[in-house]
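Here's the letter readout for the chains.
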Amino acid sequence: LDTTRTGYIFMGWYDAGGNRVREISDTDYGDKAFTAQWVPITYGVEFNANGGRGWMIQQVFTYDREGYLAYNTFTRTGYEFAEWNTKADGSGTSYANGQAVFNLSATNNETITLYAQWKFATYEVTLEANGGTIADGKNVTEYTYGTGAALPTAEDITRTGYTFEGWYVSRSFSGSPVTEITATEMGAKTYYAKWEPITYTVAFDANGGSGTM
């Protein structure tokens, strides 16, 4: 082709009457004016779960027209969706979930693959101190899959007149105490502090009297 335009397909030359003209014959005369007709190319965007699960339909975009990427529907155990990227390892161009995009390709019928990028999921932690006080900086409010978290120890939580007996997953304190959330756990967690009241001795002195108590 002698006539090109980025992102478009050349459809031919047309005269003022809308007729396509392929040549000027040797019998034509006078000034001529022809207008190039162009059609924008279309390209596809497909989505790769990149370690996740699910299926997403391929999108079709038109050059020079803004469109919006689909929102992610893939899932991955223990992970949260972060963004899309043109490279599986995240080293390419990044796009946000549902981002408006424009001219991702100038090649007709090309398919662009966007790979889901994942980050470890973060879950909420609630510590029911049951009258105790957790020291500053020792409270645990969340944990991340793949890392977990250590719960406050007896040195980190206090209650006047009581001894800390550990964290339990139930209000009835059944089972064994929990000291940490492991790296493979998922979901929101709630733990209850168990307390044992201290005991103390009162001794009696006769103070000049006789007898024992």
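That block above? That's the structure.
Parameters at a glance
Residues numbered from 1 in each chain as written. Predicted model: local features only at pLDDT ≥ 70, side-chain atom pairs only at ≥ 80, totals over all residues. Heavy atoms only, no water. Phe/Tyr/Trp six-rings, centres within 6.5 Å; stacked < 30°, edge-to-face > 60°. Helix = DSSP H or I, 4+ residues; strand = E, 2+ residues; numbered from the N terminus. Buried < 20%, exposed > 50% of the residue type's maximum accessible area, 1.4 Å probe, protein only. Patch = residues over 30% accessible without salt bridge, like charges linked within 9 Å, V, L, I, M, F, W, Y side chains within 5 Å. Areas by Shrake-Rupley, 256 points an atom, 1.4 Å probe, with all protein chains shown as cover. Salt bridge = Lys/Arg side-chain N within 4 Å of Asp/Glu carboxyl O. Pairing = 2+ DSSP bridges.

Remarks on the packing of aromatic side chains
Inspection of the entire model under this criterion finds 15 aromatic pairs. Considering the side-chain rings of Phe-120 and Tyr-145, the 6.0 Å spacing of their centres and the 55 degrees angle between planes classify their relative orientation as tilted. Taken as a pair, Phe-120 in strand E10 (residues 111-120) and Tyr-145 in the loop between strand E13 (142-144) and strand E14 (149-150) lie far apart in primary sequence, 25 residues in all. By relative accessible area, which is 19% here, Tyr-145 ends up buried. Three or more aromatic residues joined by ring pairs form one cluster here, namely Phe-47, Phe-74, Phe-81, Trp-84 and Trp-118.

Things to note about a nonpolar patch on the surface
A contiguous nonpolar patch, built from Ile-198, Tyr-200, Val-202, Phe-204 and Met-213 and spanning about 680 Å² of accessible area, is present on the exposed surface. With respect to the secondary-structure elements, Val-202 resides in the segment after strand E18 (189-197).

Describing unusual backbone geometry
Of all residues except glycine, most have a negative phi; of all peptide bonds, most are trans. At Asn-50, a position not held by glycine, the phi torsion is positive, near 50 degrees. Within the secondary structure, Asn-50 is located in the loop between strand E4 (42-48) and strand E5 (59-62). Unlike most non-glycine residues, Asp-64 shows phi in positive territory, near 65 degrees.

Thoughts on the pairing of strand E1 (residues 8-14)
For E1 and strand E3 (residues 35-40), the ladder comprises six bridges, and the chain directions are antiparallel. Within the sheet, the bridge partner assigned to Phe-10 lies in E3 and is Trp-38. Where E1 meets strand E2 (residues 20-21), two bridges bridge the pair, whose relative direction is antiparallel. Each residue of the ladder has a partner; that of Tyr-14, found in E2, is Arg-20. Taking the residues between adjacent antiparallel strands as the criterion, E1 and E2 are bridged by five residues, where Gly-18 takes a positive phi near 85 degrees.

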